[in-house]
Amino acid sequence: KPAPIMDRSPPEPESWNPALHCQQGRSRGGWGHRLGGFPPGRPSPDNLDQICLPNRQHVVYGPWNLPQSGFSHLTRQGETLNLLETGYSRCCRCHSHTNRLDCAKLVWEDAMTRFCEAEFSVKTRPHWCCKQQGEARFSCFQEEAPRPYYQLRACPSHQPGISSGPEVPFPPGVPTLDNVKNICHLRRFRSVPRNLPATDPIQRQLQALTRLEGEFQRCCRQGNNHTCTWKAWEDALDGYCDQEQSVKTHHHSCCHYPPSPVRDECFARRAPYPNYDRDILTLDLSRVTPNLMGHLCGNGRVLSKHKQIPGLIRNMTAHCCDLPFPEQACCAEEEKLAFIEDLCGPRHNFWRDSALCCNLNPGDEQTNCFNTYYLRNVALVAGDSGDDKGQGKQGQVGEEVSAPPQSPRKSESPQSLGGSDWGNPTLLEHSLQ
């Protein structure tokens, strides 16, 4: 139950309920009149520490998580929240608490003013607070804020994290046109688990995986041959079931079916990593946090469809990982801003800006565009394969990987992103310095 408007004390801690805190604006009955965090609370001494909390989670809005017809008001709200978070990231680097608060207030007021300008630019009914002027408008937004103290909890991720502990990734996912790139391009990062209990059922699964990886290697030499990988997968699992049925112990449930599409579908449904991304962790570079730097400064490899991202990562790690832990995130955010300024300045003609970010005003607008369209999802592989040379001192490499795509703006075709410099695989040492 919301607190009375006049009560400005922070709310009491509440129990964690993902169903309440992780919704992104969509109610049980469908999309509503506002997103979950809109309007945002006005920065104040009471909520500034929460706003600048390094690990505070926020949603990046775009065509990938908002309806694209009939709900343009939600798009305007999402763009406002995106721009606001970009400004907050800049303000939170101020060392002075007073300067930080003044900066955050100006960012918030500017974001809400821009929102109202966007509301009045269309013929639909504007947000009721926009009908007021000056301080009355700002007070209206503050009173309407559903979470004035920014206490949104981190949402559980559906992306499988870096695996740990003894486990067999069995059964393997069925090869498809969508995952065959991961099957072939991530093969050198993928290994059959070792040091597992020497039980017969586990050993039969490990043998099937080992044989399948060998067949995958042959198929990948044929140019990511999907038909070859699918036949290898089917033969490997049929051979596994033959071994299962040769013993009197309990058999894998899918092996109860005879060799048939029904058996194949059974295995496909039970695959724990259908996209062959067991050791891939998707990182969000739109907000640099200490936890993020822990991943980047560790022994990992960057895999990205975007040619410029490995160069950005190298700048962040080379200049910031040797600093004390609390300073790493601040340093990396500064490196990111300098990198964006360089891409939109001296190097603007050396790459294709599909999202047209460099056409926007320098500063928060450009940075917000890069955050939204280029830096939301970056794949990181755990560990180092140890057999690849010339990869740079951090052991990072850029390579094409089937990851959630960066959605283009409505005026662009999906193919336009794939043809730009952001869409070509590249090794780290070939990236911009």
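For the structure, check the block above.
One structure accompanies this document, and this report is about it. Owing to the predicted nature of the structure, the values given are computational and were not obtained by experimental measurement. (Residues numbered from 1 in each chain as written. Predicted model: local features only at pLDDT ≥ 70, side-chain atom pairs only at ≥ 80, totals over all residues. Heavy atoms only, no water.)

A few words on the nonpolar core. Leu285, Met293, Leu296, Met316, Phe370 and Tyr374 are the most contacted members of the largest nonpolar core, which has 31 residues in total. Sorting the residues of this core by element identifies β3 (280-283), α10 (290-296), α11 (309-320), α12 (325-343), α13 (364-373) and β5 (378-382) as the ones contributing at least two each. By residue number, the principal contributor to this core is α12, which donates six residues. Leaving out residues up to four positions away in the same chain, Met293 has contacts with Val288, Met316, Cys320, Cys321, Gln328, Ala329 and Ala332. (Core = buried A, V, L, I, M, F, W, Y, C linked by side-chain atoms within 4.5 Å. Buried < 20%, exposed > 50% of the residue type's maximum accessible area, 1.4 Å probe, protein only. Helix = DSSP H or I, 4+ residues; strand = E, 2+ residues; numbered from the N terminus. Contact = heavy atoms within 4.5 Å.)

Further remarks concern the state of the cysteines. Taken as a whole and judged by the stated rule, the model has 12 disulfides. Note that Cys52 is cross-linked by a disulfide to Cys92, the S-S spacing being 2.0 Å. Looking along the S-S bond of the Cys52-Cys92 disulfide, the torsion reads about -80 degrees, which is the left-handed sense. With a gap of 40 residues between them, Cys52 in the loop between α2 (48-51) and α3 (72-91) and Cys92 in the loop between α3 and α4 (97-120) connect regions that are remote in the sequence. On the basis of relative accessibility, which here comes to 16%, the residue Cys52 falls in the buried class. With a sulfur-sulfur separation of 2.1 Å, Cys241 is cross-linked through a disulfide to Cys255. Measuring the twist about the S-S bond at about -80 degrees, one finds the Cys241-Cys255 disulfide to be left-handed. With Cys241 in helix α8 (residues 226-245) and Cys255 in the loop between α8 and α9 (261-270), the pair connects residues that are 14 residues apart, well separated along the chain. Cysteine Cys94 is unpaired, with the sulfur of Cys103 as its nearest cysteine sulfur at 4.9 Å. (Disulfide = S-S within 2.5 Å.)

Moving on: the packing of aromatic side chains. This model, assessed by the stated rule, comprises 13 aromatic pairs. A centroid spacing of 6.4 Å and a plane angle of 80 degrees characterise the contact between Phe170 and Phe267, whose relative ring orientation is edge-to-face. Taken as a pair, Phe170 in the loop between α5 (134-144) and α6 (180-185) and Phe267 in helix α9 lie far apart in primary sequence, 97 residues in all. Side by side, Phe170 and Phe267 carry an identical accessibility label, which is buried. Here the aromatic rings of Trp351 and Phe370 are separated by 6.0 Å at their centres, their planes lie at 55 degrees, and the arrangement is tilted. On the criterion of sequence distance, the pair formed by Trp351 in the loop between α12 and α13 and Phe370 in helix α13 is long-range, its members being 19 residues apart. Here the two residues Trp351 and Phe370 agree in accessibility, since each one is buried. Here a set of aromatic residues connected by ring pairs shows up, and it is made of Phe38, Phe115 and Phe141. The aromatic ring of Trp64 is capped on one face by Arg376, whose charged end is 3.5 Å from the ring centroid. (Phe/Tyr/Trp six-rings, centres within 6.5 Å; stacked < 30°, edge-to-face > 60°. Lys NZ or Arg CZ within 6 Å of the ring centre and 35° of its normal.)

Here we come to the environment of Glu135. Within the secondary structure, Glu135 sits in helix α5. Using a relative accessible area of 44% as the deciding quantity, one classes Glu135 as partly exposed. Sequence-wise, Glu135 and Glu109 are 26 residues apart; in three dimensions their C-alpha atoms are separated by 9.7 Å.

A word on the side chain of Thr289. Structurally, the position occupied by Thr289 is in the loop between β3 and α10. If we ignore the near neighbours within four places in the chain, the residues touching Thr289 are Pro54, Asn55 and Ala329.

Time to look at helix α7 (residues 200-220). Compared with an ideal rise of 1.5 Å per residue, which puts 21 residues at 30 Å, α7 spans 30 Å between its outermost C-alpha atoms and is within 8% of the ideal. Among the residues making up α7, those that are buried are Arg204, Gln205, Leu206, Ala208, Leu209, Leu212, Phe216, Cys219 and Cys220. Looking at the buried residues of α7, the elements they touch are α6 and α8. (Expected span 1.5 Å × (residues − 1).)

Before going further, it helps to examine the pattern of salt bridges. Throughout the structure, instances matching the rule amount to 16 salt bridges. A salt bridge links Glu365 to Arg114, with the shortest nitrogen-to-oxygen separation between them at 2.6 Å. A residue pair is termed long-range when its members are at least 10 positions apart, and Glu365 in helix α13 and Arg114 in helix α4 qualify at 251 residues. Owing to a relative accessible area of 34%, Arg114 belongs among the partly exposed residues under this scheme. A salt bridge links Arg347 to Asp342, with the nearest nitrogen and oxygen atoms 3.1 Å apart. What makes Asp342 partly exposed here is its relative accessible area of 24%. The network of salt bridges with common partners includes Arg42, Glu109 and Glu135. (Salt bridge = Lys/Arg side-chain N within 4 Å of Asp/Glu carboxyl O.)

Following Phe38, the chain continues to Pro39 via a peptide bond in cis, the omega torsion being -5 degrees. Summarising the element assignment, Pro39 is placed in the loop between β2 (30-31) and α2. The residue after Phe170, namely Pro171, is reached through a cis peptide bond having omega -5 degrees. Tracing the sequence through the fold places Pro171 in the loop between α5 and α6. Here the phi dihedral of Asn224 falls at roughly 55 degrees; this positive angle occurs in a residue that is not glycine. When you line up the elements, Asn224 lands in the loop between α7 and α8. Backbone geometry at Leu356 places phi at a positive 60 degrees, although glycine is not the residue there. Its place among the elements puts Leu356 in the loop between α12 and α13. Leu356 sits in the partly exposed class, given a relative accessible area of 42%.

On to the environment of Thr80. Mapped onto the fold, Thr80 is located in helix α3. Using a relative accessible area of 7% as the deciding quantity, one classes Thr80 as buried. In the structure, Thr80 is positioned 35 residues away from Phe115 in sequence and 6.1 Å away in space, judged by C-alpha atoms. Those residues in contact with Thr80, other than ones at most four positions away along the chain, are Phe38, Ala111, Met112 and Phe115. For Thr80, the side chain forms a polar contact with the main-chain oxygen of Arg76, separated by 2.9 Å. (Polar contact = N/O pair within 3.5 Å; in protein donor to acceptor, adjacent residues only side chain to side chain.)

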